[in-house]
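# Fold and contact review
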Amino acid sequence: MNNNINKYMQIAYNEAIKAYKKNEIPVGALIVKENKIIAKSHNNRQYKYNVLGHAEINAILKAEKKNKDWRLDGCTMYVTLAPCYMCQMIINESRIDKVYYLLDQKNKMNKENIIQTNDCKQIKKEYQKIVDDFFEKLRD
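Residues numbered from 1 in each chain as written. Predicted model: local features only at pLDDT ≥ 70, side-chain atom pairs only at ≥ 80, totals over all residues. Heavy atoms only, no water.

Attention shifts here to unusual backbone geometry. For Glu-34, which is not glycine, the phi dihedral falls at a positive 50°. One can find Glu-34 in the loop between β1 (28-33) and β2 (36-42). You will see that Asn-35, though not glycine, has its phi angle at about 60°, which is positive. Topologically, Asn-35 is positioned in the loop between β1 and β2. (Helix = DSSP H or I, 4+ residues; strand = E, 2+ residues; numbered from the N terminus.)

Have a look at this one:
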């Protein structure tokens, strides 16, 4: 198991928990450059009343500001849920090199630079539980 992937996925999972506690879809993301976390975030669409409040976009905006450049070449994103089509396009535009994620989405899309990790089985199991719980609460 790649310890860095596990470490970064744990942080992304912690961000997803923050979203979950705010009744947001529990997604967390972080961006790493040269083995340093330059941004992390979670979904806040409902809280901010903003359709763009996806974890990936929030993290990208923070990373661009910290990097003082919209180009995020040399960066890797770790996200708990496979990016939606909108986020995937923004990830591509920002030039992030790779994206690792825990869970797939139901909708399939072209994911040439987006890689599902199988290294983080325990985090994946815990994350699946909160995603299931979140959507179960919506159905109640």
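Anyway, onward from the coordinates.
The next subject is helix α4 (residues 85-94). Those residues of α4 that sit buried are Cys-87, Gln-88, Ile-91 and Ser-94. Angular distribution of buried residues about the axis of α4 spans 130°; they occupy a single face of the element. Among the exposed residues of α4, those oriented more than 90 degrees off its buried face are Tyr-85 and Glu-93. Structurally, α4 contributes buried residues whose contacts are with α3 (55-67), β3 (75-81), β4 (98-103) and β5 (114-116). In the stretch just after α4, Arg-95 is the one whose phi turns positive, near 70°. (Buried < 20%, exposed > 50% of the residue type's maximum accessible area, 1.4 Å probe, protein only. Arc of directions from axis to C-beta. Contact = heavy atoms within 4.5 Å.)

Here the focus is the layout of surface pockets. Within this model, the second largest pocket holds a volume of roughly 220 Å³. Looking at the second largest pocket, it is lined by 15 residues, and the ones nearest its centre are Ile-25, Val-27, Asn-43, Arg-45 and His-54. Class assignment for the residues of the lining of the second largest pocket results in 7 nonpolar, 5 polar and 3 charged. (1 Å grid on protein atoms, 1.4 Å probe; cavity = no way out; pocket = protein on both sides within 12 Å on 5 of 7 lines; lining within 4 Å. Points joined across faces, edges and corners; volume = space filled by probe spheres on them. Nonpolar A, V, L, I, M, F, W, Y, C, P; charged D, E, K, R; others polar.)

For the pair α3 and α4, the least separation of the axes is 10 Å and the interaxial angle reads 20°. As summarised for this structure, α3 and α4 are arranged roughly parallel, according to the angle between their axes. The interaxial crossing formed by α3 with α4 has left-handed handedness. The residues of α4 that touch α3, namely those facing Glu-56, Ile-57, Ile-60 and Glu-64, are Met-86, Cys-87, Ile-90, Ile-91 and Ser-94. When grouped by side-chain class, the residues that make up the contact of α3 with α4 number 6 nonpolar, 1 polar and 2 charged. (Axes fitted to C-alpha atoms, helices over the stretch in contact; angles between N-to-C directions. Parallel < 35°, antiparallel > 145°, perpendicular 65-115°, else oblique. Left-handed = near helix turned anticlockwise from the far one by under 90°.)

Here is the key point about a regular strand: its side chains alternate between the two faces of the sheet. Across the 6 residues of β4, 5 count as buried, placing the element largely inside the fold. In this structure, β3 lies alongside β4, joined through 5 bridges in parallel fashion. Pairing of Val-79 across the sheet is with Tyr-101, part of β4. Once you follow β3 into α4 and on to β4, the crossover reads as right-handed. (Pairing = 2+ DSSP bridges. Right-handed = clockwise from strand over helix to strand, strands pointing away.)

Ranked by internal contacts, the top residues of the largest apolar core, which has 41 residues, are Met-9, Ile-31, Met-77, Tyr-78, Ile-96 and Tyr-127. Secondary-structure elements contributing two or more residues to this core are α1 (3-21), β1, β2, α3, β3, β4 and α5 (121-139). Among the elements that make up this core, the one with the highest residue count is α1 (9 residues). (Core = buried A, V, L, I, M, F, W, Y, C linked by side-chain atoms within 4.5 Å.)

With that settled, consider the pattern of salt bridges. One pass over the structure, following the stated rule, counts 3 salt bridges. For Arg-71, the salt bridge identified is with Asp-69, shortest N-O distance 3.0 Å. Overall, Arg-71 belongs to the partly exposed group, its relative accessible area being 32%. The partner of Lys-137 in a salt bridge is Asp-133, and the shortest N-O contact between them spans 3.6 Å. Placement of both Lys-137 and Asp-133 in helix α5 is noted, with a separation of 4 residues, approximately one turn of the helix. Residue Lys-137 is classed as partly exposed on the basis of its relative accessible area of 48%. (Salt bridge = Lys/Arg side-chain N within 4 Å of Asp/Glu carboxyl O.)

Nothing here speaks to function; it is all geometry.
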